[in-house]
Amino acid sequence: MNSRVVQRERSELPPRDRSLVTVASLVTGGSTEQLRGHLVRAKANGLTEAELKEIIIHLAF
């Protein structure tokens, strides 16, 4: 599904929060091949590098 379509249909969750959930899901699911692109998108959506690091550390332990 096209990401623009998803955003238009699901406006209840801001892009920043959507990115947080996506990164967390990819980390816990072990989908490292998709993670790099979603980390870039998460930063563009307002998550800081420190927040992304904390998400990954929190999920790792």
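Preceding this section is the structure that the text describes.
Summarised in this report is the structure supplied together with it. (Residues numbered from 1 in each chain as written. Predicted model: local features only at pLDDT ≥ 70, side-chain atom pairs only at ≥ 80, totals over all residues. Heavy atoms only, no water.)

The geometry of helix α2 (residues 15–29) relative to helix α3 (residues 32–44) is characterised by a closest axis approach of 10 Å and an angle of 160° between their N-to-C directions. As judged from the angle between their axes, α2 and α3 are roughly antiparallel. When the axes of α2 and α3 are compared, the crossing they make is left-handed. Between α2 and α3, the residues in contact are Ser19, Thr22, Val23, Leu26 and Val27 and Gln34, Leu35, His38, Leu39, Arg41 and Ala42, respectively. Looking at the contact of α2 with α3, its residues break down into six nonpolar, four polar and one charged. (Axes fitted to C-alpha atoms, helices over the stretch in contact; angles between N-to-C directions. Helix = DSSP H or I, 4+ residues; strand = E, 2+ residues; numbered from the N terminus. Parallel < 35°, antiparallel > 145°, perpendicular 65-115°, else oblique. Left-handed = near helix turned anticlockwise from the far one by under 90°. Contact = heavy atoms within 4.5 Å. Nonpolar A, V, L, I, M, F, W, Y, C, P; charged D, E, K, R; others polar.)

On to the nonpolar core, then. Grouped burial of nonpolar side chains is what soluble globular proteins tend to show. Of all hydrophobic cores here, the largest spans eight residues; its members are Val23, Ala24, Leu26, Leu35, Ala42, Leu47, Leu52 and Ile55. Listing elements by their share of this core, those giving two or more residues are α2, α3 and α4 (49–60). Of all the elements, α2 adds the most residues to this core, at three residues. With residues up to four places along the chain from it excluded, the contact list for leucine 52 reads Val23, Leu39, Ala42, Lys43 and Leu47. (Core = buried A, V, L, I, M, F, W, Y, C linked by side-chain atoms within 4.5 Å. Buried < 20%, exposed > 50% of the residue type's maximum accessible area, 1.4 Å probe, protein only.)

Note that all results are geometric; they support no functional claim without further evidence.
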